[in-house]
Each structure stands twice: as C-alpha cells, then as structure tokens.
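What follows is each chain in one-letter form.
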Amino acid sequence: MNGPAPTLPQRVTAVLHAKQYLVFFAIVLYALDFAVPVTSAWLYRHEPLAELLHNTWGPLADAVAARSALIAAFFVAYLLVGTWLRAGYIRSLVGPFRLRPADRRQFLRLLALELALEIVGALAAGAIVLAGGDALLANTIIMVLLAFYFVVLYADYIIVIAEVGPLRAVALSWRTVRAMPIPSAVILLAMTLLGNAAAGLLDENVTGSLARALPMMLVQCVLMGGVVFVADVVLVVLYLSAAEKGRLTPRPRGAGDGRML
C-alpha cells in the first residue's frame, strides 16, 4: 500500500541530502560568474580592485563599450564554458553526475538562452549608465530586469530536463511561475537580496591588493555557492512538482471546471 506523497519540503530535503556533493559544483559555477565580470572590467578600465567590484557591467557590455576583440573573445569563451558546465550541473541535479550536456542540441539550446540573458543584462547595464544620476530611472530599469528574470526563472532547468527549445522553455517557465508564484518570488527576492548584501559587504572590506582581498572573495564564493545550490534544488523541485501535477498544461478553451488537464 502506497503511503502519502511527500510534501515539497520533504522532496527538497531529500534532494539536498542525495545531491549534497553538488554544492562544490555550484561553488565553481558561482566563482566563474563572479570572476569573469571583474576580469572583463579590469581588461577594459584597469581600475583598482575596489572600484571594479563596485562597478561591474558584465563581459558583453565591457566588450561592446571597449570595442575590444580580446574582451569579446573572453566573453565567448566564458559563455561556452559556462553553458557547458551549467548543462552538466542541471543534469546532475536530476540524475547521475555529469560534467557536460547530453548532446549538441541541448548545448545549443541552452547556449541560445544564456546568450539572450547576457544580451538583456548588457542592455540593462547600458541603460543604467545612460541614466546617469537619475536614481528613479535606474531603479525602474532594475525592476524591469527583475521582472524579466522572474519570467525566465525556470527556463534553463526546463531546457535540460524537458529537452525543449529556448522559446518553449520560456513559455513553460512562465507557466511554472504562475503555478508556483509565492515560492518563485521568494526565491528570486532572496537570491537578489543575499547577492546584493554579499557584494556590498565585499565592496566595503576590499581596499587593498588582490592578494589581500582573495580570502574574502573565496569566502563569498563558498557561501553564495551554497546558497545558489539550495535555490537550484528548490526551483527544480518546484518545476517537477508543477509538471507532475499537470499544472503546466494550458487550459482548453471553454473549460469551466477550473481544473488543469
């Protein structure tokens, strides 16, 4: 006789326990995402580390602003390596440990999504720079960017898990957000606030050379990598739960019983 189905917290706890070793994978990915914008900013502006940490735009925005082939090549290398590892990481969350995508099609689909996210981020960074000292406009741009990230919150997981293209993944991501609005919003808000707090704390305490700042930077990568791992597990479980319950299937026109088929 089958027992009651596990609750969402129970499923999350079970996955965290079974996949706890993947926290190191998450730390590596976070460290990559942390180091690349700082490096591209240094290649462009050659400012002290404290200034770079306080004002990073991202490698694509830096490449465009600097019109630098070197930074552009650096961005392409980062995008390819990051996408390759991200696909392996997501596959590992739902199956055996992997370091690579399942096949070329999966890689190219995830690459298209990651490129789109980088372009949106670069456009937002450019818009904030053009806004100058207009705090209201800058905050509006940030809110629009957060709304965009809310819509695509599950898209990369869906590309890998459901084996669909980026446009379909974005549509399913939005349906997942609508099926799980509160936990999705809480995760996005928590990650944004924790990321900003960690960045602000690092900015305040980094005043010397890279060698002196490196221990604190490593601590941030370890702590935030762990936080990102937990968030990834929760989001994957939320998506799988919504899919298993049929909550991602569009309601047929004229359906009046309020149930998702």
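Parameters at a glance
- Every chain's residues receive numbers from 1 upward, in the order its sequence appears when written.
- The predicted nature of this model means local features are confined to residues of pLDDT at least 70 and side-chain atom pairs, given and counted, to a pLDDT of 80 or more, with totals for whole chains, interfaces and linings taken over all residues.
- Each side-chain value is derived from all of the structure's non-hydrogen atoms; neither hydrogens nor water enter the calculation.
- Helix and strand definitions follow DSSP, with helices as H or I runs of at least four residues and strands as E runs of at least two, each counted in order from the N terminus.
- Here the radius of gyration uses the C-alpha set of atoms, whereas the globule reference equals 2.2 Å times the residue count to the power 0.38.
- The contact definition used throughout considers only heavy atoms, calling two residues in contact when any of these lie within 4.5 Å.
- For every accessible area listed, the method is Shrake-Rupley and the probe measures 1.4 Å; residues are considered covered only by the protein chains on display.
- Here Asp and Glu are counted as negative and Lys and Arg as positive; His is not counted, and neither are the chain ends.
- The location of each charge is read from NZ of Lys, CZ of Arg, CG of Asp or CD of Glu.
- Each residue is assigned to one of three classes by its accessible area relative to the maximum for its type, calculated with a 1.4 Å probe on protein chains only: buried under 20%, partly exposed between the two thresholds, exposed over 50%.
- For Phe, Tyr and Trp, where Trp contributes only its six-membered ring, two rings pair if their centres lie within 6.5 Å, and the inter-plane angle classes them as stacked under 30 degrees, edge-to-face over 60, or tilted in between.
- Geometrically, a charge over a ring is one whose NZ (Lys) or CZ (Arg) sits within 6 Å of the ring centre while staying within 35 degrees of the ring normal.
- Each reported salt bridge corresponds to a side-chain nitrogen of Lys or Arg within 4 Å of a carboxyl oxygen of Asp or Glu.

Draft legend 1. Expanded view of the overall build of the protein. Check the secondary structure of the protein and you find 11 helices and 0 strands. Along the chain direction, N to C, the helices and strands of the protein fall in the order α-α-α-α-α-α-α-α-α-α-α. Against the globule reference of 18 Å for 261 residues, the protein gives a C-alpha radius of gyration of 20 Å, in line with a compact fold. In terms of overall dimensions, the protein has C-alpha extents of about 65 × 40 × 35 Å along its principal axes. Put simply, 65% of the contacts in the protein that link residues at least 6 apart link residues at least 24 apart. Total accessible area computed for the protein in this model is approximately 14400 Å², and 68% of it derives from carbon and sulfur atoms. Counting 20 positive and 15 negative side-chain charges, the protein places the centres of these two groups 14 Å from one another.

Draft legend 2. Representation of the environment of Val 23. Of note, Val 23 is situated in helix H2 (residues 23-45). Judged by its relative accessible area of 18%, Val 23 falls in the buried class. The spatial distance from the C-alpha of Val 23 to the C-alpha of Phe 229 is 5.7 Å, given a sequence separation of 206 residues. Ignoring any residue separated from it by four or fewer positions in sequence, one finds Val 23 in contact with Gly 226 and Phe 229.

Draft legend 3. Looking closely at the packing of aromatic side chains. One pass over the full model with this rule turns up 6 aromatic pairs. We note Arg 45 situated over the ring of Trp 57; from NZ or CZ to the ring centre the distance is 5.2 Å.

Draft legend 4. Seen up close, unusual backbone geometry. Despite not being glycine, Arg 67 has its phi angle at roughly 50°, a positive value. Looking at Arg 67, the relative accessible area reads 78%, which means it is exposed. The phi angle at Glu 163 is positive, at roughly 55°, despite the residue not being glycine. As for its placement among the helices and strands, Glu 163 is situated in the loop between helix H8 (155-162) and helix H9 (166-179).

Draft legend 5. Fine view of the pattern of salt bridges. The tally for this structure, following the rule as stated, stands at 5 salt bridges. A salt bridge links Glu 244 to Arg 11, with the nearest nitrogen and oxygen atoms 2.8 Å apart. Of this pair, Glu 244 sits in helix H11 (residues 210-244) while Arg 11 is found in helix H1 (residues 8-18), placing the two residues 233 residues apart along the sequence. Accessibility expressed as a relative area gives 55% for Glu 244, which makes it exposed. Look at Arg 11 and you get partly exposed, because its relative accessible area is 22%. Close ionic contact of Glu 47 with Arg 45 constitutes a salt bridge, the shortest N to O distance being 3.2 Å. The structure contains a network of salt bridges with shared partners spanning Arg 45, Glu 47 and Asp 62.

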